Amino acid sequence: MVFWLISTPKEESHQHQWNRLTEHTKPMATVGKFNLPNLKVGTLDALMSLSDDLAKLDQFTEMVMIKVYNYMANALEENDLQKLPEYTKANNKDLRSYCNSFVWDVAKFPTKVSIKDIHDIIAKNMTKIEKDFKTKSTTYNNLRSNLAQHEKKETGSLVTRNLGPIVNEEDFVIASEYLVTVCVVVPKQGYKEWEGSYWKLADFVVPESSKKILEEGDQALYTVTMFRKTLDAFKNNAREKKFVVRDFQYSKEKISQQKNEVTNMQKAKIKAYVPLIRWLKGNFSEAFVNWIHVKALRLFTESVLRYGLPATFMTAVLEPNKKSEKKLREKLYALYGNLDKSASEGPEMGDIPGVFMSGDYYPYVYFDVNTAFVEAAREL
């Protein structure tokens, strides 16, 4: 979704001006009033400087908001993904409704203070959201990463997998001063060779001690028992045959400890998940609200710089219909081209009031609100 925020000088017959806009754009867009309060302007020099600051704040606020949204979309468990539209709201309204029925939030952004003060309030809000986001996302990323590493050990190849859940105590000679049981991964093409000659790989290998524990894919896990003193020679000779001797010693206590570690990590992740999603949901809403108020500040500021004082202008929000953007732009030029004839000639951007970092120049003040990041994340 893309919304166009525009302003034009207010005419004597404001209702006629509004009707003309809605009637001429009706086939191409949904049009709503974008109500702006009377804000404290200050000097025009200060407003010129503030215009640049607002443009930077716009970019910063959008960046933080998109980070929060994308992380939320990525962090949601599979069975919660369908709730993403429910979590993508601003003040409990879907984004379309919020933009099309925008009302300035006086409680959060008091109009009795200067525009610079409102700028600073939003900057402080967004800086805190960004700081908290970094802390919370880093903590949760560490939880996910550590758990994923342990889970990977449970599901990988027999060459790398944690053998604790696979083997049993009776498969091993335990607590012997002289004997040791080792685990060996044998490729499928080597089964016959292993079973016919494993005791020849070194001296003092116990004959008929090999046992196939698990066959999986193109490899199998065997155990074999030998005297400890021959273990190094056995490893070297097995390596030449492409048999992998795993560095594993059976310990009931260690296996139980590893199992508890994974269980505790899973519990920690589950415990952190709900508060994290709640925070992401609430702060996405907060960031979006701040972002739209930055857009409103820019629309007001550029309108004053373009049209002068007193600050009397008509502001509107348009949501173009699909494939109607070009026609809508032409219709708006037909309506407002007389406000600035140079706009049709494609003037150099330079320092033209009303287009600070805003891209193309139009005879009316224009900013867009692009929520394409929502659709992009949902398609992933």
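Residues numbered from 1 in each chain as written. Predicted model: local features only at pLDDT ≥ 70, side-chain atom pairs only at ≥ 80, totals over all residues. Heavy atoms only, no water.

Caption draft 1: Structural detail: the overall build of the chain. Along the chain, the regular secondary structure elements total 10 helices and 10 strands. Against the globule reference of 21 Å for 380 residues, the chain gives a C-alpha radius of gyration of 34 Å, more extended than a compact globule. For the chain, the spread of C-alpha atoms along the principal axes amounts to about 105 × 40 × 35 Å. Per-residue burial for the chain yields a buried fraction of 44% across its 380 residues. Partitioning the contacts of the chain with sequence separation of at least 6, the portion at a separation of at least 24 is 80%. For the chain, the computed accessible surface area is about 20600 Å², with 51% contributed by carbon and sulfur atoms. Positive and negative side-chain charges of the chain, numbering 54 and 49 respectively, have mean locations separated by a distance of 3 Å. (Helix = DSSP H or I, 4+ residues; strand = E, 2+ residues; numbered from the N terminus. Rg over C-alpha atoms; globule rule 2.2 N^0.38 Å. Buried < 20%, exposed > 50% of the residue type's maximum accessible area, 1.4 Å probe, protein only. Contact = heavy atoms within 4.5 Å. Areas by Shrake-Rupley, 256 points an atom, 1.4 Å probe, with all protein chains shown as cover. Lys, Arg positive; Asp, Glu negative; His and termini not counted. Charge placed at Lys NZ, Arg CZ, Asp CG, Glu CD.)

Caption draft 2: Fine view of the pairing of strand S5 (residues 179–187). In terms of burial, S5 is a largely internal element, 7 of the 9 residues being buried. Relative to strand S8 (residues 244–246), S5 runs antiparallel, the two being bridged by 3 bridges. From the neighbouring strand, Val-185 faces S8, where its bridge partner is Val-244. (Pairing = 2+ DSSP bridges.)

Caption draft 3: Layout of the sheet that holds strand S7 (residues 219–227). Ordered by their spatial adjacency, 4 strands build an open sheet running S6-S7-S5-S8, and the pairing between neighbours is antiparallel. Only two strands of the sheet have a single neighbouring strand rather than two, namely strand S6 (211–216) and S8. Strand-to-strand twist of the sheet, defined as the mean angle between neighbouring strand axes without regard to direction, takes the value 30 degrees. Where S5 and S7 come together, 9 bridges link them in antiparallel fashion. Bridging from a neighbouring strand, Val-186 pairs with Ala-220 of S7. Each of S5, S7 and S8 is contacted by helix H7 (residues 231–240), which is oriented at about 150 degrees to S7, the strand it contacts most. (Axes fitted to C-alpha atoms, helices over the stretch in contact; angles between N-to-C directions.)

Caption draft 4: Spatial organisation of the pairing of S6. With 5 bridges joining them, S6 and S7 adopt antiparallel strand pairing. In the sheet register, Lys-212 faces S7, and the bridge partner there is Tyr-222. Between S6 and S7, which pair antiparallel in sequence order, lie 2 residues; one of them, Gly-217, sits at a positive phi of approximately 65 degrees.

Caption draft 5: Local environment of the environment of Val-244. By the secondary structure assignment, Val-244 is in strand S8. You can call Val-244 partly exposed: its relative accessible area is 33%. Sequence-wise, Val-244 and Cys-183 are 61 residues apart; in three dimensions their C-alpha atoms are separated by 8.4 Å. Once residues within four sequence positions are removed from consideration, Val-244 is found in contact with Val-159, Cys-183, Val-184 and Val-185.

Caption draft 6: Region of the structure containing the layout of surface pockets. Looking at the largest pocket, its volume works out to about 320 Å³. Considering every element that reaches the lining of the largest pocket, the biggest residue donor is helix H8 (residues 252–307), with 4 residues. Taken together, the residues of the lining of the largest pocket sort by class into 4 nonpolar, 6 polar and 6 charged. (1 Å grid on protein atoms, 1.4 Å probe; cavity = no way out; pocket = protein on both sides within 12 Å on 5 of 7 lines; lining within 4 Å. Points joined across faces, edges and corners; volume = space filled by probe spheres on them. Nonpolar A, V, L, I, M, F, W, Y, C, P; charged D, E, K, R; others polar.)

Caption draft 7: Local environment of the nonpolar core. Counting 60 residues, the largest nonpolar core has Leu-280, Phe-284, Phe-288 and Ile-292 as the members making the most contacts within it. Here the element with the most residues in this core is H8; it accounts for 18 residues. Residues contacting Phe-288, with those up to four places away along its chain left out, are Met-65, Ala-90, Leu-95, Tyr-98, Cys-99 and Thr-371. Counting residues in each nonpolar core, the second largest holds 19 residues, with Val-180, Val-186, Met-226 and Leu-231 among its members. (Core = buried A, V, L, I, M, F, W, Y, C linked by side-chain atoms within 4.5 Å.)

Caption draft 8: Molecular detail of the side chain of Thr-61. Relative to the helices and strands, Thr-61 is located in helix H2 (residues 44–75). In contact with Thr-61, not counting residues within four places along its chain, are Ile-122, Met-126, Ala-287, Asn-290, Trp-291 and Val-294.

Caption draft 9: Broad picture of the pattern of salt bridges. In this structure the tally under the stated criterion is 13 salt bridges. One salt bridge connects Arg-20 with Glu-11, and the closest N-O pair in it is separated by 2.8 Å. You can call Glu-11 partly exposed: its relative accessible area is 33%. Here Lys-211 and Asp-171 are joined by a salt bridge, their closest N and O atoms 2.8 Å apart. One end of the pair, Lys-211, is in strand S6; the other, Asp-171, is in the loop between helix H5 (115–155) and S5, and 40 residues separate them in sequence. One connected set of salt bridges, linked through shared partners, spans Asp-58, Lys-295 and Arg-298. (Salt bridge = Lys/Arg side-chain N within 4 Å of Asp/Glu carboxyl O.)

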